[in-house]
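These are the residues of each chain, in order.
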Amino acid sequence: MTSYRPLHEGWTLSGGDLTGIPATVPGCVHTDLLRAGRIEDPYLDANETKLAWIGRTEWEYVSRFSFEPGSARTDLVCAGLDTVAQIELNGSVVGETANMHRGYRFDVGALLRDGANEIKVKFKSAYAYAEGHRDRLGGRPNAYDEPFNFIRKQACNFGWDWGPTLVTAGIWQPIGLETWSVARLAEVRPQVTVAGGVGRVELRVRLDRDASAAEPVIITASVDGRRAQATVDGIEALLILTVDDPELWWPRGYGSQHRYDLEVALTSTDGAVLDTWSRRIGFRSARIDTADDGFTVVVNDVPVFVRGINWIPDDVFADRITRPRLAARFRQAADANVNYLRVWGGGRYESDDFYDLADEMGFLVGQDFLFACAAYPEEEPFRSEVEAEARENVVRLASHPSLVVWTGNNENLWGHEDWDWKPALNGRTWGAGFYYELLPRIVGELDPSRPYWPGSPYSGSPDRHPNDPAYGTTHIWDVWNTDDYTKYAAYRPRFVAEFGFQAPPTFATLRRAISDEVLAADSPGMAHHQKAVGGDRKLARGLANHLPEPAGFDDWHYLTQLNQARALAFGIEHFRSLRPLCTGTIMWQLNDCWPVTSWAAVDGDGRKKPLWYALRAAYADRLLTFQPRPAAPAAGDFTAPDPAPPHLAAGGPAEPIEPGTVVPPAGPPALVAVNDGRTPWELTTTVTRRTLDGDVLASATVQATVDPGGAATLTLPADVATPGDPRTEFLVAGTGVTYFFAPDKDIAWPAAAYTADVSRDGDTTSVTVHASSILRSLTIFPDRLDPSAEPDLAAVTVLPGESVTFTIRSQQPLDPAALTSRPVLRCVNDLVL
């Protein structure tokens, strides 16, 4: 029987002037040094800048262990070494590695001793390796002045516009000794499909064999009581199992996530168990429908509108990303009505825990191959390493029903076309051979039931501009970088795979990470934790277009977070309203890896920003949203759209737009109802035009039946849709869906007037706010009082005479007076003096 012995104890670490530091395996140098008190926390203040030497230092891990040799073969199995390493056992070199994204196995039986043994893993500087290959092959363009494209290592270790530069080294995945005899299961690759009511598992097995044992072996596979068996003299076998009328695996919101236990056993002819393997699989079909030049995810023959998030590594240091931490982050995604996780190409092939949780919770996953924002050399050793990592990870992840598409890279096709790479490359390789040839060949060979898409963005054909919004998938980054978020309304994309807007993290996270005596948007700590070029200037431009001028840091913090939430809600609601033209949005980004001003909805300490609450509303199964539409049928009537009415013609802005300016609405507001539920939506709602005092000036009742997966546009009568004074009037639909005719900065807000009641029951505090005036985007920030405190609502507009209750969970009691006043309780019109 195959047996595995972890080698995770007794390690020490040495490098530079440091020797004998206790080391945790799996782990990395940074966390070991931090644990030993040899470095300051790199996430605090500007400590990151003091630690650049770690990535340029050679490190050595050493451990000693006892061993009793036997007649069986023993392999040293390294699941992941970061990155350029030489392994020694008892003074002899076992092997060398140069790829963080794959595992390595070495036969060490001849090197093991009876009794005491010593293992060393020596890590070369990642910088030295990458810069050496860059000098040898010639430089390649990339997004940052770092050599991350010349080493097979997590690219964002070298810094990103949301991440620190902390170039890690270490034994980052399990390491141990595996002992086996006769044969072992080297690769088990199930291809799981379902068609015509029959589930089918084509199970391809590859064996490693002991050269001294040539006898036949038996492979037995079982699922749901079905059993298949093969006697094998060689090293490969194909077993097929079928299940009639299997319960299907569905994405969340569409059905249950039923999974079956698939078990494989390798035995000798006399029945002795040699090795075993098991996975939980799901029967489902998945494809990408590009028949009309779009990009529609179809699962079990049902089109799924993607309500997605981009996922980055949840911490710079992988050993901190535990299954409970992933589960908490996934729960935050699920509670925000997300159904799709895109694993971004500058990080890692995500963990088994990640994919098992996605399977369990019904998330769809798109996994990028690991190339991002750079031209990558295709010469050796990179071509061989890329092929090895791709083969290993495709096989590792292919059994997961949550995984629905492989994507070749992040933004490299776009970069090659638009970012002035071609003159700099001067004919040198840049990765095209990977994205168009090597990777699709590997997926076609090893995972043929799952689609491959050459890049994100990609327009479906190499003959088109890769980021044409009229085709395939698109990234929208002129919004944020140069343009106001209202420009989203000028786009009519088929599928948006990236778009976002920045804001700082929560106050409690800032105060934990930054020790500036007085916080300011440009104070030293804040400036260090803003990694985007021109980020503060872009934040200021966004505020100036929409919101009152902040008088100090507390105003700035509230308003920038609010503006981020509104920007993403504006974009998502617009894109969802374009159904069936647009079939998905993947906002950038759910999570952060450290405390930073970024595009995330959940900050680096796991706290929800106001954006998270806006995401929950914008991604609701049933969405009511006001959208500008050209003149249409009579009020209250719904007419199915023509094949390509003006607001559904695919593409980007029809006319040039001055950078940074607010894009005016394309017509009067209509009410759009979007139904991602599984049953028809019988909608009846009243729309009113009101004054800021709450007086009703005009009203209309509208009705529609919205089929599952559909959208209905309900036009409004002119007396409702047309304001008398845009600065003092707004629309309300249903239970709180609002539309303001002017930006907040131009509205004649009354001073905020309210009373509040506070009560506490156990760990829950209720704050009920009774509005005497309109309270625009009322938000409570209880983490300013207790870092553990989290509310259930944010950015709620409360009308005069109405009330709202915030429910807050916290470890500590919260002061009622502080809870109900600035800077904890905020609304836009509390800036009115």
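Located above this text is the structure these notes cover.
Structural notes, computed from the coordinates. This is a predicted model, so every value here is computed, not measured.

1. Comments concerning the side chain of Thr 31
No. 1: Note that Thr 31 resides in helix H1 (residues 29-35).
No. 2: Beyond its immediate sequence surroundings of up to four residues, Thr 31 is in contact with Phe 317, Asp 319 and Arg 320.

2. Some remarks on the nonpolar core
No. 1: Ranked by size, the top nonpolar core spans 184 residues in total, and within it Tyr 61, Leu 76 and Phe 369 carry the most contacts.
No. 2: No other element matches the nine residues that helix H14 (residues 553-577) contributes to this core.
No. 3: Ala 221, Val 223, Leu 266 and Trp 277 belong to the second largest nonpolar core, which has 30 residues in total.

3. Points about the pairing of strand E36 (residues 729-733)
No. 1: By the criterion of burial, E36 is predominantly enclosed, with five of the five residues buried.
No. 2: Of the two faces of E36, both are covered, the one formed by Glu 729, Leu 731 and Ala 733 as well as the one formed by Phe 730 and Val 732.
No. 3: As paired strands, strand E33 (residues 681-691) and E36 are joined by five bridges and run antiparallel to one another. Each bridged residue has a counterpart across the sheet, and for Thr 688 the counterpart in E36 is Val 732.

4. Points about helix H5 (residues 352-361)
No. 1: Every buried residue of H5 is listed here: Phe 354, Tyr 355, Leu 357, Ala 358, Asp 359 and Met 361.
No. 2: Looking at the buried positions of H5, the neighbouring elements they touch are strand E23 (306-311), helix H4 (323-335), strand E24 (340-343), strand E25 (364-368), helix H6 (382-397) and strand E26 (403-407).
No. 3: Looking one or two residues past H5, Gly 362 carries a phi angle of roughly 85°, positive in sign.

5. Thoughts on the sheet that holds strand E42 (residues 796-798)
No. 1: Pairing is antiparallel across the open sheet formed by three strands, whose spatial order is E42-E40-E44. A single partner strand is all that each edge strand has here, and the edge strands are E42 and strand E44 (825-826).
No. 2: The pairing of strand E40 (residues 775-780) with E42 spans two bridges and is antiparallel. Its bridge partner being in E42, Leu 775 is matched across the sheet by Val 798.

6. Side note on unusual backbone geometry
No. 1: Cis peptide bonds are those with omega within 30 degrees of zero, and the linkage from Asp 82 to Thr 83 qualifies with -5°.
No. 2: Examined against the element boundaries, Thr 83 turns out to sit in the loop between strand E5 (73-78) and strand E6 (84-89).
No. 3: Residue Pro 381 is bonded to the preceding Glu 380 through a cis peptide linkage, with omega at 5°.
No. 4: Structurally, Pro 381 is set in the loop between E25 and H6.

7. Brief notes about the packing of aromatic side chains
No. 1: Scanning all chains against the criterion turns up 47 aromatic pairs.
No. 2: Measuring from centroid to centroid gives 5.7 Å for Tyr 61 and Phe 123, while their planes differ by 75°, and the two rings are edge-to-face. Here Phe 123 lies in strand E9 (residues 115-123) and Tyr 61 lies in strand E4 (residues 59-67), a separation of 62 residues in the sequence.
No. 3: We classify Tyr 61 as buried; its relative accessible area is 0%.
No. 4: Judged by its relative accessible area of 2%, Phe 123 is buried.
No. 5: Ring geometry for Tyr 739 against Phe 741: centres 5.5 Å apart, planes inclined by 85°, an arrangement best described as edge-to-face.
No. 6: Take Tyr 739: its relative accessible area is 15%, and that puts it in the buried class.

8. Looking at the pattern of salt bridges
No. 1: Taken as a whole and assessed by the stated rule, the structure comprises 62 salt bridges.
No. 2: The partner of Arg 323 in a salt bridge is Glu 360, and the shortest N-O contact between them spans 3.9 Å. Of this pair, Arg 323 sits in helix H4 while Glu 360 sits in helix H5; the two residues are 37 residues apart in sequence, bridging distant segments of the chain.
No. 3: Classification of Arg 323 by relative accessible area gives partly exposed; the value is 28%.
No. 4: As a salt-bridge pair, Arg 579 and Asp 676 come within 2.2 Å of each other at their nearest N and O atoms. One end of the pair, Arg 579, is in the loop between H14 and strand E30 (584-587); the other, Asp 676, is in the loop between strand E32 (669-675) and E33, with 97 residues separating them in the sequence. Both residues of the pair, Arg 579 and Asp 676, count as buried.

9. A look at the side chain of Thr 473
No. 1: Relative to the assigned elements, Thr 473 resides in the loop between strand E27 (452-453) and strand E28 (474-475).
No. 2: With relative accessibility at 4%, the residue Thr 473 sits in the buried group.
No. 3: Here Trp 453 takes part through its side chain, which lies 3.3 Å from a polar atom of the side chain of Thr 473.

10. Structural notes on the pairing of E30
No. 1: Residues Gly 584 and Ile 586 of E30 are buried on one face, and the alternating residues Thr 585 and Met 587, pointing to the opposite face, are buried as well.
No. 2: The sheet contact formed by E23 and E30 spans four bridges and is parallel. Residue pairing in the sheet places Val 306 in a bridge with Gly 584 of E30.

11. Some thoughts on the sheet that holds strand E1 (residues 3-6)
No. 1: Taken together, four strands build an open sheet; the order of strands is E1-E12-E5-E8 and the sheet is antiparallel. The strands lining the two open edges of the sheet, one partner per strand, are E1 and strand E8 (104-107). If you compare each strand with its neighbour and ignore which way they point, the axes differ by 25° on average.
No. 2: Pairing analysis gives four bridges linking E5 to E8, with the strands arranged antiparallel. Looking at the pairing, Val 77 lines up with Arg 105 of E8.

Cut-off values and rules
- Residues numbered from 1 in each chain as written.
- Predicted model: local features only at pLDDT ≥ 70, side-chain atom pairs only at ≥ 80, totals over all residues.
- Heavy atoms only, no water.
- Helix = DSSP H or I, 4+ residues; strand = E, 2+ residues; numbered from the N terminus.
- Contact = heavy atoms within 4.5 Å.
- Core = buried A, V, L, I, M, F, W, Y, C linked by side-chain atoms within 4.5 Å.
- Buried < 20%, exposed > 50% of the residue type's maximum accessible area, 1.4 Å probe, protein only.
- Pairing = 2+ DSSP bridges.
- Phe/Tyr/Trp six-rings, centres within 6.5 Å; stacked < 30°, edge-to-face > 60°.
- Salt bridge = Lys/Arg side-chain N within 4 Å of Asp/Glu carboxyl O.
- Polar contact = N/O pair within 3.5 Å; in protein donor to acceptor, adjacent residues only side chain to side chain.
- Axes fitted to C-alpha atoms, helices over the stretch in contact; angles between N-to-C directions.

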